[in-house]
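Reading the structure
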Amino acid sequence: MNQTFDWDAAGEALPLLLEGFRVTLLATLLGTLLAAVLGLAVAVAGRAPSRFVTVPVKAVTEFVRSTPLLVQLVGAAAVFTSVEPLTVGTVVLGIHYAAYTSEVYRAGIDGVPKGQWEACRALSMSPRRTWQAVILPQAVRNVLPALGNYAVSMFKETPFLAVITVQEMVFEARKYGADHFAYTEAWTLAGLVFLVASYPTSLLMRKLEKRLGH
């Protein structure tokens, strides 16, 4: 391993890392979208009047939250061998984080004043109309910063996808380092790219949280 930083090696590695970053970003965006939609569905299903719905939903959610993401990735890749690793990894990321975003949505829904529910019943609004027009708009607005923070967390956990051979940025960094004995340059650049991408997003989420809190 090189003991000094080789700028030539860094310049050679950067295009490969940026191509890996494209895969990282794609997995993050699609995984976040899946987590947001599925998490909302789980939160709403968790309030269903029937235990035949709520019990299985709660059991699956607890299972996902109680098992490591790495184990879920390896297990899914072993089962769905005919599916592209990137697809498997993105879906697993989405499902894993949906288990957490569902709790965020639940808190947002519980935070809607009871008077809003009572007003909807007084106006004889259907349950579907109540959710779509009154409850969800307020709940989602309140939890946007928390959802954004989970998106950042997902972005920082995409290196786990390398375990199932997804050629994201860390996969490319490790490969370049092994091929050229330039681990210092490859890993340093990968870390800097993660920092440059995630830190401003974290600041934006913090600012949004303060704005929505007023």
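Cut-offs used in this document
- Residues numbered from 1 in each chain as written.
- Predicted model: local features only at pLDDT ≥ 70, side-chain atom pairs only at ≥ 80, totals over all residues.
- Heavy atoms only, no water.
- Helix = DSSP H or I, 4+ residues; strand = E, 2+ residues; numbered from the N terminus.
- Buried < 20%, exposed > 50% of the residue type's maximum accessible area, 1.4 Å probe, protein only.
- Contact = heavy atoms within 4.5 Å.
- 1 Å grid on protein atoms, 1.4 Å probe; cavity = no way out; pocket = protein on both sides within 12 Å on 5 of 7 lines; lining within 4 Å.
- Points joined across faces, edges and corners; volume = space filled by probe spheres on them.
- Nonpolar A, V, L, I, M, F, W, Y, C, P; charged D, E, K, R; others polar.

1. Re the overall build of the protein
Secondary structure summary: the protein contains eight helices and zero strands in total. Starting at the N terminus, the α and β elements of the protein follow one another as α-α-α-α-α-α-α-α. Along the three orthogonal principal directions, the C-alpha set of the protein runs to about 70 × 45 × 25 Å. The 214 residues of the protein split such that 36% are buried.

2. Quick notes on the environment of Leu-189
Turning to its location among the elements, Leu-189 is positioned in helix H8 (residues 183-213). Linking Leu-189 and Ala-146, residues 43 residues apart in sequence, is a C-alpha distance of 28 Å. When neighbours within four sequence positions are excluded, Leu-189 is seen to be in contact with Ala-10, Ala-13, Leu-14 and Leu-17.

3. Some points on the layout of surface pockets
Considering only enclosed or pocket space, the largest pocket measures out at about 270 Å³ in volume. Of all elements in the fold, only helix H2 (51-66), helix H3 (69-79) and helix H4 (85-110) reach the threshold of two or more residues within the lining of the largest pocket. With six residues, H4 is the single largest residue contributor to the lining of the largest pocket. Its residues placed into classes, the lining of the largest pocket shows ten nonpolar, five polar and no charged. If you add up the space inside the second largest pocket, you get close to 230 Å³. Looking at the lining of the second largest pocket, the elements that each hand over two or more residues are helix H1 (7-45), H2 and H4.

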